[in-house]
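Next come the chains, spelled out residue by residue.
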Amino acid sequence: MLVLLAGIFVVHIATVIMLFVSTIANVWMVGSSSYATISTGLWLLCNRTCTDLPVSSQDEASLKAVQAFMILSIIFSVVALVLFIIQLFTLEKGKRFYMTGAVMLVCWMCILIAVSIYTARFTSTVAFSTNPHHGYCFILAWICFCFSFIIGILYLVLRKK
């Protein structure tokens, strides 16, 4: 049981780190132009230097929603991690980690909403480039989606021994 708890804890920390990286870095979509590689993220358009992301007025609300839900997912994931540590020392034997699991599933839902909006609105083109494809941050966000769901379910099922 101790090995399972340690494993879940390590995966949870890895998920938090990957959420930070996927939200902060600007490599959600990558394309090539005539003189360099262009990448876009949630915040900036990067070529050789980074500038503000050019977004049409109809897509601006969608981008703000993606940014907000990714930040919320980081917050909920960190809160779940702290809650798990607190419950590890205060929870009675035989009780389940319901609160931690519920908070982690809220994190999972925030990631789902953010990445789904981004997929629907922004994955078809990269400004000023040809041949766009997904960058590592987009893939990391989907990996975090899977990990947060698995961790949330494991927290709900797991009992303190």
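Summarised in this report is the structure supplied together with it. (Residues numbered from 1 in each chain as written. Predicted model: local features only at pLDDT ≥ 70, side-chain atom pairs only at ≥ 80, totals over all residues. Heavy atoms only, no water.)

For the coordinates displayed, the defined rule picks out one disulfide. Bridging C46 to C50, the disulfide has an S-S length of 2.1 Å. Its S-S torsion of about 105° marks the bond between C46 and C50 as right-handed, since a negative value means left-handed. Residue classification places C50 among the partly exposed positions, given a relative accessible area of 43%. (Disulfide = S-S within 2.5 Å. Buried < 20%, exposed > 50% of the residue type's maximum accessible area, 1.4 Å probe, protein only.)

With that out of the way, let us pick up the nonpolar core. In terms of nonpolar packing, the biggest core is built from 36 residues, with L19, W28, M70, F97, I111, Y118 and Y155 touching the most fellow members. Of all the elements, helix α3 (residues 98-122) adds the most residues to this core, at nine residues. Among all residues touching M70, those that are not within four sequence positions of it are L19, S22, T23, W28, L42, A114 and A141. (Core = buried A, V, L, I, M, F, W, Y, C linked by side-chain atoms within 4.5 Å. Helix = DSSP H or I, 4+ residues; strand = E, 2+ residues; numbered from the N terminus. Contact = heavy atoms within 4.5 Å.)

The next thing to look at is the environment of G94. Structurally, G94 can be placed in the loop between α2 (57-90) and α3. As for G94 and F145, which are separated by 51 residues in sequence, their C-alpha atoms are 29 Å apart.

What follows deals with the sheet that holds strand β4 (residues 50-52). Ordered in space as β4-β3-β2-β1-β5, the five strands form an open sheet in which the pairing is antiparallel. Here the strands that pair on one side only, and so sit at the sheet edges, are β4 and β5 (130-134). Taking each pair of neighbouring strands and ignoring which way they run, the sheet shows an average axis angle of 25°. Two elements, strand β1 (residues 29-32) and β5, share three bridges in a ladder whose sense is antiparallel. Bridging from a neighbouring strand, M29 pairs with H134 of β5. (Pairing = 2+ DSSP bridges. Axes fitted to C-alpha atoms, helices over the stretch in contact; angles between N-to-C directions.)

Between its first and last C-alpha atoms helix α4 (residues 136-157) spans 31 Å; for 22 residues at 1.5 Å apiece the expected length is 32 Å, and the two agree. Burial in α4 covers these residues: C137, F138, L140, A141, C144, F145, S148, I151, G152 and Y155. Looking straight down α4, one finds that the buried residues subtend no more than 155° of arc, so they occupy a single side. (Expected span 1.5 Å × (residues − 1). Arc of directions from axis to C-beta.)

Next up on the list: the packing of α2 against α3. Contact geometry of α2 with α3 gives a least axis separation of 8 Å together with a crossing angle of 160°. The angle between the axes of α2 and α3 places the two elements in the roughly antiparallel class. As α2 runs across α3, the sense of the crossing is left-handed. (Parallel < 35°, antiparallel > 145°, perpendicular 65-115°, else oblique. Left-handed = near helix turned anticlockwise from the far one by under 90°.)

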